[in-house]
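Listed below are the residues making up each chain.
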Amino acid sequence: MRHEAIQNPTPKNPVARVVIIGAGFAGLEVAKALGKAGIAATVVDRRNYHLFQPLLYQVATAALAATDIAEPIRKILRPYPSVQVLFAEVVGIDAAARKIRLSDGKSLGYDYLVLAAGSRTSYFGNDKWGSLALGLKSIEDSRRIRSELLRAFENAERASDPAEQDRLMSVAIIGGGPTGVELAGSIAELSRFTLARDFRRIRPQDARIMLIEGGPRLLPGFSRKLADYARARLQKLGVIVETNQTVDYIGEKEFGFAGKKIPVGLVIWAAGVGPSPLGRMIGSPTDRAGRVVVGPNLQVSGQSEIFALGDIAYLEDEDGKALPGLAQVAKQQGIHLGRGLADLIIEGKPIQPFRYRSRGNTAIVGRHAAIFETGRFSLKGWFAWLAWAVIHVYLLVGFQHRVIVTTQWLWRYLTYERGARVIAFDDLDHRGSRTKIDADPTASL
Ligand SMILES: Cc1cc2nc3c(=O)[nH]c(=O)nc-3n(C[C@H](O)[C@H](O)[C@H](O)COP(=O)(O)OP(=O)(O)OC[C@H]3O[C@@H](n4cnc5c(N)ncnc54)[C@H](O)[C@@H]3O)c2cc1C
């Protein structure tokens, strides 16, 4: 196929063409640093907004609106005239020809390529579960979970059969990492404290929220002490926590593990992500999951003009442990590479090795209860909740978001209110959703 070439922007500082794939936590920081140095760069992203993924679960549970956690890429990069934004999907990388291929058939050449395309939901080989267990990786995912969740309660209110009501009000969350724990706590609070006040026939506070983890305990990235605290907090909220259980069946209206089949209204997949498929396209070594192996200066081995960072990259720390897929890792790598690349392009200085400095791990386990850990220091409860808020406000990209989101947290904290309770018709799965009711919905009305 012949590819039409897109013109790179005319650089003010005409030294090199840099193409950055992905305006996530990593790619944006590279773009900003290059922009500050006046270096011409093109950011290619298939979305026109940067997404603050750590707060996706709050959209999924109606605490925040989708627009609160998305910021236009063009707005973020407005102060950097040398940086061009291209709203396009990358479908191929030709490392030998130093070109990327876009879904519209066009191509874009580069002198340096920064691969920061992140990750996607992975069902670890059970791809048929994709339509049965909703992942949480995009705005669309979070809105779908929110709409299906709220519709399940609405349909339970209309159902006449008590068993069907129970099924509709049963939610299974698969995966006991931070996302699963945060979702379980937030859905439990939504049903116990918010929806409980608004329904007449059903008792949303009796909803069955199940959190299923395959490993021996929740939150393997945290110490046992904090994981036990999180489990106890969730159980206090009424969440049923199952560990050492591998889900082996997901159907239209039930899911199963250990030989049991359990009726369910909604199944959410929080068990894992895998890297973007672009990583395998550059022809360099990857780990088993497909993350591109990079050297300490984030350079891809054997390809001196290609760098990979964030969720798509595999890099070990000084102790030989792989860096985790976290926003703070991606952001720090982006800042490091952006500055290093600017020095390389302008002054020919080599890029220094990257060193990750953890600002601590946090997870929310319900209202004013969180866990926070950094090295040997740990916090739980209200102070950890505050630490979580500070870290996330620091990570939020736009000033507008910091103000809005912080105000919303405070309001919610005081009132238990969930303002974004919107069932958007377009978000619902019309093919055969589990949240539809079986019986004639009007029979008992
Ligand atoms: C639900 C959830 C909760 C999380 N909570 C936390 C948390 O509390 N703390 C924390 O530190 N981390 C958290 N993370 C992890 C964190 O969000 C990621 O580690 C981080 O986003 C990785 O940054 P990145 O720049 O590598 O990728 P991303 O931020 O995912 O950005 C990748 C970008 O590449 C674009 N892209 C992908 N493919 C293409 C293509 N083919 N063509 C064009 N553009 C493309 C995407 O549109 C996207 O904008 C969470 C993640 C999820 C899903």
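Scope of this entry: the structure provided in the associated data block. (Residues numbered from 1 in each chain as written. Predicted model: local features only at pLDDT ≥ 70, side-chain atom pairs only at ≥ 80, totals over all residues. Heavy atoms only, no water.)

1. Here we look at the packing of aromatic side chains
So, step 1. Following the criterion strictly, the structure yields nine aromatic pairs and no others.
So, step 2. Here Trp382 and Trp385 contribute two aromatic rings whose centre-to-centre distance is 6.4 Å and whose plane-to-plane angle is 35 degrees, an arrangement assigned as tilted. On the criterion of helical spacing, the pair formed by Trp382 and Trp385 is a turn pair, its members being three residues apart in helix α9 (residues 382-395).
So, step 3. Residue classification places Trp382 among the partly exposed residues on the basis of a relative accessible area of 36%.
So, step 4. Among the aromatic residues, ring-to-ring pairing joins Tyr123, Trp129 and Trp269 into one connected group.
So, step 5. Lying over the aromatic face of Tyr249, Lys261 brings its terminal NZ or CZ to 4.3 Å of the ring centre. (Phe/Tyr/Trp six-rings, centres within 6.5 Å; stacked < 30°, edge-to-face > 60°. Helix = DSSP H or I, 4+ residues; strand = E, 2+ residues; numbered from the N terminus. Buried < 20%, exposed > 50% of the residue type's maximum accessible area, 1.4 Å probe, protein only. Lys NZ or Arg CZ within 6 Å of the ring centre and 35° of its normal.)

2. Here's the deal with the nonpolar core
So, step 1. Residues Val18, Ile100 and Ile173 are the most contacted members of the largest nonpolar core, which totals 125 residues.
So, step 2. For this core, the leading source of residues is helix α8 (residues 327-347), giving seven residues.
So, step 3. Two domains each provide a minimum of three residues to this core, namely domain 1 (2-122 + 274-347) and domain 2 (127-271 + 360-423).
So, step 4. Each residue touching Ile173, except ones within four places of it in the same chain, is listed here: Gly180, Leu183, Ala184, Ile187, Ile209, Met210, Leu211, Ile212, Ile268 and Ala270.
So, step 5. Counting 16 residues, the second largest nonpolar core, distinct from the first, contains Tyr123, Ala172, Phe255 and Val264. (Core = buried A, V, L, I, M, F, W, Y, C linked by side-chain atoms within 4.5 Å. Domains from an automatic or database assignment. Contact = heavy atoms within 4.5 Å.)

3. Looking at the side chain of Arg192
So, step 1. With respect to the helices and strands, the residue Arg192 is situated in helix α6 (residues 178-194).
So, step 2. The side chain of Arg192 sits in the buried core without any salt bridge; Asp206 is the nearest counter-charge, 6.7 Å away.
So, step 3. Polar contacts involving the side chain of Arg192 include one to the main-chain carbonyl oxygen of Gln205, which spans 3.1 Å. (Lys, Arg positive; Asp, Glu negative; His and termini not counted. Salt bridge = Lys/Arg side-chain N within 4 Å of Asp/Glu carboxyl O. Polar contact = N/O pair within 3.5 Å; in protein donor to acceptor, adjacent residues only side chain to side chain.)

4. So, the side chain of Ser284
So, step 1. The topology assignment puts Ser284 in the loop between β18 (273-275) and β19 (292-293).
So, step 2. Judged by its relative accessible area of 12%, Ser284 falls in the buried class.
So, step 3. Engagement of the side chain of Ser284 in a polar contact is seen with the side chain of Gln303, the distance being 3.1 Å.
So, step 4. If we skip the residues at most four places from it in the chain, Ser284 touches Val300, Ser301 and Gln303.

5. Considering the site of the ligand
So, step 1. Lining the immediate environment of the ligand, one finds 29 residues, of which Ala26, Asp45, Gln53, Asp311 and Ala327 sit closest.
So, step 2. For the ligand, an oxygen atom lies 3.1 Å from a polar atom in the backbone of Phe25.
So, step 3. Asp311 places a side-chain nitrogen or oxygen 2.8 Å from an oxygen atom of the ligand.
So, step 4. In isolation the ligand exposes 1,000 Å². Once the protein is present, 92% of that is buried.
So, step 5. Among the secondary structure elements, those contributing two or more residues to the shell around the ligand are α1 (25-36), β2 (41-45) and α8.
So, step 6. Residue composition of the shell around the ligand, grouped by class: 14 nonpolar, nine polar and six charged. (Near = heavy atom within 4 Å. Areas by Shrake-Rupley, 256 points an atom, 1.4 Å probe, with all protein chains shown as cover. Nonpolar A, V, L, I, M, F, W, Y, C, P; charged D, E, K, R; others polar.)

6. Some details on the packing of α1 against α8
So, step 1. Between α1 and α8, the least distance of the axes is 7 Å, while the angle of their chain directions is 25 degrees. Considered as vectors, α1 and α8 are oriented roughly parallel to each other. Between α1 and α8 lies a crossing of right-handed hand. On α8, the residues that touch Phe25, Ala26, Glu29, Val30, Ala33 and Leu34 of α1 are Ala327, Ala330, Lys331, Gly334, Ile335, Leu337, Gly338, Arg339, Leu341 and Ala342.
So, step 2. In the contact of α1 with α8, the residues fall into 11 nonpolar, two polar and three charged. (Axes fitted to C-alpha atoms, helices over the stretch in contact; angles between N-to-C directions. Parallel < 35°, antiparallel > 145°, perpendicular 65-115°, else oblique. Left-handed = near helix turned anticlockwise from the far one by under 90°.)

7. Considering the environment of Ala41
So, step 1. If you trace the backbone, Ala41 turns up in strand β2.
So, step 2. Residue class for Ala41 comes out buried when judged on its relative accessible area of 0%.
So, step 3. The spatial distance from the C-alpha of Ala41 to the C-alpha of Tyr112 is 9.4 Å, given a sequence separation of 71 residues.

8. Digging into the sheet that holds strand β15 (residues 254-257)
So, step 1. Ordered by their spatial adjacency, three strands build an open sheet running β14-β15-β16, and the pairing between neighbours is antiparallel. Only two strands of the sheet have a single partner each, and these edge strands are β14 (247-250) and β16 (260-263). Adjacent strand axes in the sheet meet at a mean angle of 25 degrees, parallel and antiparallel pairs treated alike.
So, step 2. Taken together, the three bridges between β14 and β15 define a ladder with antiparallel strand orientation. Looking at β15, one finds that Ile250 is bridged to Phe255. (Pairing = 2+ DSSP bridges.)

9. Observations regarding the pairing of strand β21 (residues 303-308)
When a strand is regular, its side chains alternate between the sheet's two faces.
So, step 1. Among the six residues of β21, five are classified as buried, and the element is accordingly described as predominantly covered.
So, step 2. Pairing between strand β9 (residues 112-115) and β21: three bridges, direction parallel. Opposite Val114, over in β21, you have Phe307 as the bridge partner.
So, step 3. Strand direction decides the pairing type here: strand β20 (residues 299-300) and β21, joined by two bridges, are antiparallel. Following the sheet pairing, Gln299 is matched in β21 by Phe307.
So, step 4. In sequence, β20 turns back onto β21 through a hairpin of two residues, with Gly302 there showing a positive phi of about 80 degrees.

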